[in-house]
Amino acid sequence: MARRISRGLVAAATATVATLTLAGPVSAQAAGAGTAGSALPQARVFMVNPVQSSGDQSLTDGKDGNAAVPASAYAVAALRNLDASGALSGKWAAVRSETGAPARLADVGSYSRKDDQFEQVMAYFWVNEAQEYLQSLGFGSELPGANDRVQPVRINQWGADNSFFSDTKTEIRFGKGGVDDAEDAEVIVHEYGHAVHNAQVPGFGTSPESGAIGEAFGDFLAVSVGAYADDKYGWPRKTDLACVGDWDSVEYSAAPHCLRRVDGNKVYADRVGEVHADGEIWSRALFDIRQALGARTAGRIIVNAQFGFRPDTSFQDAALATVATAQRMYGADAAAAVRAAFRARQIPGV
Ligand SMILES: [Ca+2]
Ligand SMILES: [Ca+2]
Ligand SMILES: [Ca+2]
Ligand SMILES: [Zn+2]
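Residues numbered from 1 in each chain as written. Chains lettered and ligands numbered in written order. Predicted model: local features only at pLDDT ≥ 70, side-chain atom pairs only at ≥ 80, totals over all residues.

Engineer: Kindly report on the pairing of strand β5 (residues 151-155), identifying the contributing residues and their values.
Structural biologist: The two faces of a sheet get side chains in turn, since along a regular strand they alternate between them. Along β5, four of the five residues are buried, which leaves the element largely enclosed by surrounding structure. With five bridges connecting them, strand β4 (residues 93-97) and β5 associate as parallel partners. Bridge pairing in β5 places Val-95 opposite Val-153. Where the polypeptide runs from β4 across helix α4 (residues 116-136) and back to β5, its parallel neighbour, the crossover connection is left-handed. Pairing of β5 with strand β7 (residues 171-174), which is carried by three bridges, proceeds in the parallel orientation. Note on β7: the bridge partner recorded for Val-153 is Ile-172. (Buried ≥ 20, exposed ≤ 12 C-beta atoms within 10 Å, placed from the backbone. Helix = DSSP H or I, 4+ residues; strand = E, 2+ residues; numbered from the N terminus. Pairing = 2+ DSSP bridges. Right-handed = clockwise from strand over helix to strand, strands pointing away.)

Engineer: Residue-level account of the environment of Arg-80, with values.
Structural biologist: By secondary structure assignment, the location of Arg-80 is in the loop between β3 (74-78) and β4. With 18 C-beta atoms packed within 10 Å, Arg-80 lands in the partly exposed category. With 48 residues separating them along the chain, Arg-80 and Asn-128 place their C-alpha atoms 7.5 Å apart. Leaving out residues up to four positions away in the same chain, Arg-80 has contacts with Leu-40 and Asn-128. (Contact = placed C-beta atoms within 7 Å.)

Engineer: Can you explain the pairing of β7? Please cite residues and give values.
Structural biologist: Here β7 shows no split at all, with Glu-171 and Arg-173 on one side and Ile-172 and Phe-174 on the other all buried. Of the pairings in the sheet, the one linking strand β6 (residues 164-166) to β7 comprises three bridges and is antiparallel in character. Looking across to β7, one finds that Ser-166 is bridged to Glu-171.

Engineer: Any details on unusual backbone geometry? Residues and values, ideally.
Structural biologist: In this chain, Ala-255 is followed by Pro-256 through a cis amide linkage whose omega measures -5 degrees. Secondary-structure assignment places Pro-256 in the loop between β8 (243-244) and β9 (260-261). At Asn-81, a position not held by glycine, the phi torsion is positive, near 65 degrees. Looking at the secondary structure, you find Asn-81 in the loop between β3 and β4.

Engineer: I'd like a rundown of helix α6 (residues 208-233), residues and numbers included.
Structural biologist: With 26 residues, α6 should cover 38 Å at 1.5 Å per step; its first-to-last C-alpha distance of 38 Å lies within 8% of that length. By the criterion of burial, α6 is predominantly enclosed, with 20 of the 26 residues buried. Two residues or fewer after α6 comes Gly-234, characterised by a positive phi angle close to 75 degrees. (Expected span 1.5 Å × (residues − 1).)

Engineer: A description of helix α7 (residues 275-293) should follow, citing residues and the corresponding values.
Structural biologist: Taking 1.5 Å of rise per residue, 19 residues should cover 27 Å, and α7 covers 26 Å from first to last C-alpha, within 8% of that figure. By the largest-angle criterion, Ile-281 marks the main kink of α7, which is about 30 degrees. Counting buried residues in α7 gives 16 out of 19 residues, a clear majority hidden from the surface. (Bend = angle between axes of the 7 residues up to and from the residue.)

Engineer: Help me get a handle on the packing of α4 against helix α5 (residues 185-200), residues and values and all.
Structural biologist: Closest axis-to-axis distance for the α4/α5 pair is 9 Å, and the angle between their directions is 55 degrees. The orientation of α4 with respect to α5, classified from their angle, is oblique. The two elements α4 and α5 cross, and the hand of that crossing is right-handed. Between α4, through Met-122, Ala-123, Trp-126, Val-127 and Ala-130, and α5, the contact on the second element is made entirely by Ala-185, Ile-188, Val-189 and Tyr-192. Partitioned by chemical class, the residues of the contact of α4 with α5 number nine nonpolar, no polar and no charged. (Axes fitted to C-alpha atoms, helices over the stretch in contact; angles between N-to-C directions. Parallel < 35°, antiparallel > 145°, perpendicular 65-115°, else oblique. Left-handed = near helix turned anticlockwise from the far one by under 90°. Nonpolar A, V, L, I, M, F, W, Y, C, P; charged D, E, K, R; others polar.)

Engineer: With reference to specific residues and values, describe the environment of Asn-128.
Structural biologist: Positionally, Asn-128 belongs in helix α4. As a C-alpha pair, Asn-128 and Val-189 span 61 residues in sequence and 9.8 Å in three-dimensional space. In contact with Asn-128, not counting residues within four places along its chain, are Arg-80, Asn-81, Gly-90, Trp-92 and Ala-93.

In structure tokens, the structure reads:
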């Protein structure tokens, strides 16, 4: 599955974001929903994705049919940070759909996967969750913000199985090939990872190695946000933590289904010049850092280091920047653990 990044002027996006932040007419219902905890709209969402939460590797898309996924795969969770517009628009995400009518906040508790509005709700919920995760790590308060702004998201009806982040419009687009892309939180958060990178370093990913780092970070963030949400809501996880896209990939991978994994054994010499394939070198290092230092410390080091990456950074420079960030934030032991993770991937000069 292609996950491509288009490149262009970041400046062009500023107007888009500014437009989206203009609040629409205030409706009493939405205004209340945005402020009072008890009034937050309660939405049906997947607990990351149906394969991960059930462990059932035999689930199939079933032509987007409701019967293909049991009701037990859904959970009810609050939609937070909505603005007063009455749409799926808020502090961290604004969803536009080109398939089906816009979701109604009054109905977010009753949509199922066959409804176009279900993916709109998933996109809003998981982009918000991903930014809340970054905020929980201190980004936007103690540390600089990392894409702490309204993220435009568009859902298209495309034949191709393809989602991507376009930094021309700083917009994420989700396709509907195979399993609808926005039915898998790990696909949503992967794409959001590109938006985070681009916010940290405008135009990030202009070389094969920096592109691979971008893919790797998207996968790492997807796994991290899924685990964060599972812990927060008490949702079951019955597939390997290292498996990304358990549900989107049922149509194109053998069981156990994974789009990619973050615990592979590739090393630097295994590069093939394709960003997703080569990203598995970098994502394994990030996963090892997480295993060594814990989710919170690893997340803080990894994201904070990325502010210092050049748009065309090499594995070597990015690894050294991450080691230096660990040293500065947590001292020698943390730096040694980070260095060991990159050395295990045989990244030169580290
Ligand atoms: Ca669907
Ligand atoms: Ca798909
Ligand atoms: Ca997963
Ligand atoms: Zn990607």
